[in-house]
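Fold and geometry: a report
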Amino acid sequence: MKYDYHHVSPEHTDIHARLVNWALWADPRQRSMIAPMFRLYKSKARQWHTPDVKPALDTLDAIKLEQAVRALPQDQCEAIRWCYVRRTTPARQIRAIGCTYEGLYHLIQAGRGNLAIRCCKGVNAAVISRELAREYAYS
């Protein structure tokens, strides 16, 4: 059976938007150093095509969310980091965590639910089933 690890439940849409912002901030591949000689250089290519608009990054919210992700249980923290930042194959991640494919799916959902409870205002605590995540993670 195949699982859609990037499926977002309707009750997790608010935290998903914040996690996408956090992933842009936390991704080590995004940063690039510009040589000082080219720092003020303006390309003439913008005359020929419209520039790519990059999404605005809310750094303060990303730092708060990083602290919340670190406070998650270890398996949920690793699952969330894999889903949003690392983006490798699921097989590599389930070997690292030591769970099943279904368990990885439930760890991601449980991690989003925990973050929604901790970080979003007005979220009901019934969004997450911790027992369900524990049951499937290691079976």
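Each chain carries its own residue numbering, running from 1 in the direction its sequence is written. Where local features are concerned, this predicted model is filtered to residues with pLDDT of at least 70; where side-chain atom pairs are given and counted, the filter is 80 or more; whole-chain, interface and lining totals use all residues. In computing side-chain properties, one takes all heavy atoms of the structure into account and sets aside hydrogens as well as water.

**Details of helix α2 (residues 59-70)**
Here α2 spans 16 Å end to end across 12 residues, near enough to the 16 Å set by a 1.5 Å rise per residue. Where α2 is concerned, the buried positions are Asp61, Ala62, Leu65, Glu66, Ala68 and Val69. Looking down the long axis of α2, one finds its buried residues gathered within 165° of arc, a one-sided arrangement. Facing away from the buried side of α2, by more than 90 degrees, are the exposed residues Leu60, Lys64, Gln67 and Arg70. Looking at the buried side of α2, the elements it contacts are α1 (13-26), α3 (74-86) and α5 (101-119). Secondary structure follows DSSP: runs of H or I at least 4 residues long count as helices, runs of E at least 2 residues long count as strands, and numbering of each begins at the N terminus. Here the expected span of a helix is defined as 1.5 Å times the quantity of residues minus one. Accessibility here uses a 1.4 Å probe with only protein chains present; expressed as a share of the type maximum, an area under 20% marks a residue as buried, one over 50% as exposed, and anything in between as partly exposed. Picture the helix axis, draw a direction to every C-beta atom, and the arc is the one those directions span. When checking whether two residues touch, look at their non-hydrogen atoms; a contact exists if any pair is within 4.5 Å.

**Section: the packing of aromatic side chains**
Planes of paired rings set the category: under 30 degrees apart is stacked, over 60 is edge-to-face and the rest tilted, where pairs are Phe, Tyr or Trp rings (Trp by its six-membered ring) whose centres lie within 6.5 Å. Summed over all chains, the structure comprises 3 aromatic pairs. Taking 6.5 Å as the distance between ring centres and 40° as the angle between the ring planes, the aromatic pair formed by Tyr3 and Tyr5 counts as tilted. By relative accessible area, which is 22% here, Tyr3 ends up partly exposed. What links up through ring pairs into an aromatic cluster is the set Tyr3, Tyr5, Trp82 and Tyr105.

**As for α5**
Here α5 is 19 residues long and its end C-alpha atoms lie 27 Å apart, about the 27 Å a rise of 1.5 Å per residue gives. Burial within α5 is extensive, with 14 of its 19 residues counted as buried.

**Description of the environment of Ile15**
Looking at the secondary structure, you find Ile15 in helix α1. The exposure class assigned to Ile15 is buried, which follows from its relative accessible area of 1%. C-alpha separation for the pair Ile15 and Ala116, spaced 101 residues apart in sequence, amounts to 5.5 Å.

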